[in-house]
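Reading the structure
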Amino acid sequence: MTERSESEPTSTQETSVSSLRLASLAQYGARRSAPRSTTGTEDPHGSLSERWSLSEPQASRNAETKRGEPRVWSAPAQVGVLGGGRMGAGIAHAFLLAGSHVSVVERDDESADAAAHRIGDSIRRSVERDRDLDAAELRSRLDAGTDIAAFGECDLVIEAVPEERTLKENALARAEAAMPAHAVLASNTSSISIDDLAARRRRPERFLGLHFFNPVPASALVEIVRGSATSVEVIENAHGWVTALGKTPIVVRDSPGFASSRLGVMLGLEAIRMLEEGVASASDIDAAMTLGYRHPTGPLRTTDIVGLDVRLGIAEELERAFGERFAPPELLRRMVAEGKLGRKSGRGFYEWNEER
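Of all five residues making up strand β1 (residues 78–82), four are buried, and the element is well covered by its neighbours. By the bridge criterion, five bridges tie β1 to strand β2 (residues 101–105) in an arrangement that is parallel. Within β2, the position partnered with V79 by the bridge is V102. Summarising the sheet, β1 and strand β4 (residues 156–159) pair through four bridges and their orientation is parallel. Bridge pairing in β4 links L82 to E159.

A separate point is the nonpolar core. Ranked by internal contacts, the top residues of the largest apolar core, which has 39 residues, are F95, L208, L210 and F212. Among the elements that make up this core, the one with the highest residue count is helix α4 (residues 86–97) (seven residues). In contact with L208, not counting residues within four places along its chain, are V184, L185, A186, S187, I194, I224, V225, T230, V234, I235 and A238. If you look at the next biggest cluster of nonpolar residues, it comprises 24 residues, including V265, I314, L332 and V336.

Let's shift gears to the environment of A135. Its place among the elements puts A135 in helix α6 (residues 135–140). A sequence separation of 11 residues divides A135 from R124, and the C-alpha atoms of the two residues are 6.8 Å apart. When neighbours within four sequence positions are excluded, A135 is seen to be in contact with I123 and V127.

Locating E159 in the fold gives a position in strand β4. For E159, a relative accessible area of 0% corresponds to the buried category. A polar atom in the side chain of E159 sits 2.9 Å from the backbone nitrogen of V161. Setting aside residues no more than four positions away along its own chain, E159 makes contact with L82, K168, A171, L172, A186, S187 and N188.

Looking now at the confidence of the model for the protein. Counting all residues, the mean pLDDT for the protein is 84, and 79% of those residues have values of 70 or more. Overall, residues 1–66 carries pLDDT values under 50, and its contacts beyond four positions in sequence, including any with other chains, amount to 135 contacts.

Moving on to unusual backbone geometry. With an omega dihedral of 0°, the bond running from N214 to P215 counts as a cis peptide bond. Along the chain, P215 falls in the loop between β6 (207–212) and β7 (221–226). Even without glycine at this site, F258 takes up a positive phi of about 55°. Residue classification places F258 among the buried positions, given a relative accessible area of 5%.

Under the 1.5 Å per step criterion, the end-to-end length of helix α13 (residues 308–322) is 20 Å for 15 residues, consistent within 8% with the ideal 21 Å. When α13 is considered as a whole, its buried residues turn out to be L308, D309, V310, R311, L312, G313, I314, A315, E317 and L318. Immediately downstream of α13, the backbone of G323 shows phi near 95°, a positive value.

Packing of helix α11 (residues 282–292) against helix α12 (residues 299–306) brings their axes to within 7 Å, and their N-to-C directions diverge by 105°. Looking at the two axes, α11 sits roughly perpendicular to α12. Contact residues: α11 offers A282, I285, D286 and M289, while α12 offers P299, L300 and R301. For the contact of α11 with α12, a count of residues per class yields five nonpolar, no polar and two charged.

This paragraph deals with the packing of α13 against helix α14 (residues 330–337). It is the contact of α13 with α14, at a shortest axis distance of 9 Å, that shows an interaxial angle of 135°. If you check the angle between α13 and α14, you find them oblique. Between α13 and α14 the crossing geometry is left-handed. For the pair α13 and α14, contact is made by L308, D309, L312, E316 and E319 and by L332, R333, M335 and V336, respectively. In the contact of α13 with α14, the residues fall into five nonpolar, no polar and four charged.

Our focus in this paragraph is the sheet that holds β1. Sheet architecture is open: eight strands sit in the order β3-β2-β1-β4-β5-β6-β7-β8, paired in mixed fashion. Each edge of the open sheet carries a strand with a single partner, namely β3 (142–145) and β8 (248–253). Averaged over all adjacent pairs, the angle separating strand axes in this sheet is 25°, with direction ignored. Packing of helix α7 (residues 165–178) onto the sheet brings it into contact with β1, β4, β5 (184–187) and β6, and relative to β5 it is tilted by some 165°.

Within this structure, the stated rule accounts for two aromatic pairs. Considering the side-chain rings of F322 and F326, the 5.8 Å spacing of their centres and the 40° angle between planes classify their relative orientation as tilted. What makes F326 buried here is its relative accessible area of 1%. When the ring centre of Y350 is taken as origin, the NZ or CZ atom of R301, which lies over that ring, is 5.4 Å away. Here R343 stacks its cationic end above the ring of W352, 5.9 Å away from the centre of that ring.

Reading the values: the criteria
- Residues numbered from 1 in each chain as written.
- Predicted model: local features only at pLDDT ≥ 70, side-chain atom pairs only at ≥ 80, totals over all residues.
- Heavy atoms only, no water.
- Buried < 20%, exposed > 50% of the residue type's maximum accessible area, 1.4 Å probe, protein only.
- Helix = DSSP H or I, 4+ residues; strand = E, 2+ residues; numbered from the N terminus.
- Pairing = 2+ DSSP bridges.
- Core = buried A, V, L, I, M, F, W, Y, C linked by side-chain atoms within 4.5 Å.
- Contact = heavy atoms within 4.5 Å.
- Polar contact = N/O pair within 3.5 Å; in protein donor to acceptor, adjacent residues only side chain to side chain.
- pLDDT = per-residue confidence, 0-100.
- Expected span 1.5 Å × (residues − 1).
- Axes fitted to C-alpha atoms, helices over the stretch in contact; angles between N-to-C directions.
- Parallel < 35°, antiparallel > 145°, perpendicular 65-115°, else oblique.
- Nonpolar A, V, L, I, M, F, W, Y, C, P; charged D, E, K, R; others polar.
- Left-handed = near helix turned anticlockwise from the far one by under 90°.
- Phe/Tyr/Trp six-rings, centres within 6.5 Å; stacked < 30°, edge-to-face > 60°.
- Lys NZ or Arg CZ within 6 Å of the ring centre and 35° of its normal.

Now the structure itself:
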């Protein structure tokens, strides 16, 4: 498995944080005048869902100050990221741009150096796009190493190791042991149950899912996954932190695959079955979705970007939860076994000659 989480790429958006806040405020006003939705199910947080629907946490409702001004959110001062692969490096880069000091912890010196290089490349590209940014200042707020004690003063720690349950369990235990009691712990998992991961946490009320999308710099969305024990305060803070990154938060209740992976994987698996059955070529299947349905990227190209091994792992997780409808096609299993993992290996459903 790789370090990447299941994510659907979106078109690059240079959306300002202030614009997102104003949009959130407009949605707030519109939703207040709409009928309140009810589900008839018990909510462990009671008062929150009695007043508002699940997808609209109190953070969005508190988006105004007493003077009617949009509430200004800021990123945590100290952020830790456990795992500096493609996703972890992207998450670290996002928080650096938002003003945080970021500590990335990897398993060995070589991996830590590689993580620092990835983030440095992202900083360089950001500075090329925005000359007001100071590359040296951004790098001065980045630490990459192997000592988990670096999380000792963090306000937020995000686990971003490969999508494998045992590996994530062990990583979360290590991170939690090093964190201060007030800190929030998050997993970037794209399919594993947050409640399952929370079961072994010392402070499950301060644990949640923060599912970033690949590639992180270009994506506009972060999926906030609320476990049954996650406190309202933590959801509110996470909503604000994501807003401070210039991204749009959505909140979902814990369920296998959450919202994004469950939908994205279903489409991707069906596209692979169609290719396997000879219905059409990979490029024509993708064109059907990009031109016919205006998807920014077709499902097979998306699978290449995400990683075929990542998609396989998530499909297997969803098959265990939902049954045959998420069974991975034999073509996907065979391509993974042959090392055809998509962009990162140079070949998947397409040939990739770019720098990986």
